[in-house]
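In case you want the letters, here they are:
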Amino acid sequence: MSTGELLGIEPVELKFPFELKKQISCSLQLFNKTDNYVAFKVKTTNPKKYCVRPNAGVVLPRSTCDVIVTMQAQKEAPPDMQCKDKFLLQSVKASDGITPKDITTEMFNKEAGHEVEECKLRVVYVSPPQPPSPVPEGSEEGSSPRVSLSENGNMNGSEFSNAARSFGERIESQEKTLEAKAIISKLTEEKNNALQQSNKLRRELDLLRREGNKNRGGVSFMFVIFVGLLGMVLGYLMKKT
């Protein structure tokens, strides 16, 4: 910020992002450093080229004021992008309650004994911001490979080879993925079948065990009956003898 006693000015240069045949604007901010009303006026060495709004005004105590400077559209660029235009900001202390309508040229007349503070501002042309470079086709993830064509519509040999190789690798990768999925599905099915067979064998084994227990119980009972009958027969025979 400029270090004037009355007004601070930011920026200290008028920077225009120069473009041909285009109207361009930049802004200045004036800050009243005092507890008094301050009147200001803006002059330029090339008034037909620039429009200043406001070109004169009042900044209240400890307040700010914005000034917009607009450069008319230019048909050609200056040599080496250097500009010789200058601006002059004049400021004076003013009476309390003054309005922009009350400002006169006489207030900025040094010969009349007025204390006029002046600040010179130069004009600087800067290069306009460059647009972002476009994203090359086919660079996005997941997009299919695309082949560029030469100006006559024919495909470049190396580009065709690269595209074909990329496409072949992608197809091979997809085939491997499908094959892996098929193997996993087959293994899962075989695992389920094995579990079913295991459960079936377990049930059959339990059934055989239960039947075996029943058979063993029946043989013992019949054996007891047979022994009893045999004892009765032997006893009967012994009595008869």
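- Taking an unreviewed UniProt entry as the reference, the protein is identified by name as MSP domain-containing protein belonging to Erythroxylum novogranatense.
- Recorded in UniProt under Subcellular location (unreviewed entry), the annotation for the protein is "Membrane".
- Taken verbatim from the UniProt record of the protein, the Sequence similarities (unreviewed entry) comment is "Belongs to the VAMP-associated protein (VAP) (TC 9.B.17) family."

Examining the sheet that holds strand β3 (residues 24-32)
Move 1: Reading across the sheet, the four strands line up as β1-β3-β7-β5 and stay open at both edges, with antiparallel pairing between neighbours. Looking at the sheet topology across the chains shown, the edges are occupied by β1 (7-10) and β5 (50-53). Averaged over all pairs of adjacent strands, the angle between their axes in this sheet comes to 25 degrees, without regard to strand direction.
Move 2: Pairing analysis gives four bridges linking β1 to β3, with the strands arranged antiparallel. Pairing of L7 across the sheet is with N32, part of β3.

What to know about the sheet that holds strand β8 (residues 86-94)
Move 1: Pairing in this open sheet of five strands is mixed, and the strands run β2-β9-β8-β4-β6 from one edge to the other. The sheet is open, and its two borders are formed by β2 (13-17) and β6 (56-59), each paired with just one other strand. Between one strand axis and the next, the sheet turns by 25 degrees as a mean value, whatever way the strands run.
Move 2: Across six bridges, the pairing between β8 and strand β9 (residues 117-126) is antiparallel. The residue bridging S91 from the neighbouring strand is E117, located in β9.

A word on the pattern of salt bridges
Move 1: Applying the stated criterion to the full structure yields five salt bridges.
Move 2: Residue D35 pairs with R62 through a salt bridge whose shortest N-O separation is 3.0 Å. One end of the pair, D35, is in the loop between β3 and β4 (37-44); the other, R62, is in the loop between β6 and β7 (64-71), and 27 residues separate them in sequence.
Move 3: With a relative accessible area of 57%, D35 lands in the exposed category.
Move 4: A salt bridge links K49 to D85, with the shortest nitrogen-to-oxygen separation between them at 3.0 Å. Remark: D85 occurs in the loop between β7 and β8 and K49 occurs in the loop between β4 and β5; sequence separation between them is 36 residues.

Here's the deal with the confidence of the model for the protein
Move 1: Taken over all residues, the pLDDT of the protein has a mean of 81, while the share at 70 or more is 75%.
Move 2: Taken as a whole, residues 147-153 scores under 50 in pLDDT and shows nine contacts with residues more than four places along the chain or in a different chain.

Topic: unusual backbone geometry
One can expect most non-glycine residues to show negative phi and most peptide bonds to be in trans.
Move 1: Cis rather than trans, the peptide bond between E10 and P11 has omega equal to -5 degrees.
Move 2: By secondary structure assignment, the location of P11 is in the loop between β1 and β2.
Move 3: Cis geometry marks the peptide bond from R53 to P54; its omega dihedral reads -10 degrees.
Move 4: In this fold, P54 is placed in the loop between β5 and β6.
Move 5: Unlike most non-glycine residues, D80 shows phi in positive territory, near 60 degrees.
Move 6: Turning to its location among the elements, D80 is positioned in the loop between β7 and β8.
Move 7: Residue D80 is classed as exposed on the basis of its relative accessible area of 69%.
Move 8: One non-glycine residue, M81, lies in positive phi territory at about 55 degrees.

Some remarks on the packing of aromatic side chains
Move 1: In total, this model carries three aromatic pairs according to the counting rule given.
Move 2: An angle of 40 degrees between the planes, with centres 5.9 Å apart, marks the rings of F16 and Y50 as tilted. Linking F16 in strand β2 with Y50 in strand β5, this pair joins segments that are 34 residues apart in sequence.
Move 3: Accessibility expressed as a relative area gives 0% for F16, which makes it buried.
Move 4: Relative to F87, the ring of Y50 lies with its centre 5.0 Å away and its plane at 75 degrees, an arrangement referred to as edge-to-face. Placement of the pair is Y50 in strand β5 and F87 in strand β8, with a sequence separation of 37 residues.

Reading the values: the criteria
- Residues numbered from 1 in each chain as written.
- Predicted model: local features only at pLDDT ≥ 70, side-chain atom pairs only at ≥ 80, totals over all residues.
- Heavy atoms only, no water.
- UniProt positions renumbered as here; feature names shortened; annotations may be inferred.
- Pairing = 2+ DSSP bridges.
- Helix = DSSP H or I, 4+ residues; strand = E, 2+ residues; numbered from the N terminus.
- Axes fitted to C-alpha atoms, helices over the stretch in contact; angles between N-to-C directions.
- Salt bridge = Lys/Arg side-chain N within 4 Å of Asp/Glu carboxyl O.
- Buried < 20%, exposed > 50% of the residue type's maximum accessible area, 1.4 Å probe, protein only.
- pLDDT = per-residue confidence, 0-100.
- Contact = heavy atoms within 4.5 Å.
- Phe/Tyr/Trp six-rings, centres within 6.5 Å; stacked < 30°, edge-to-face > 60°.

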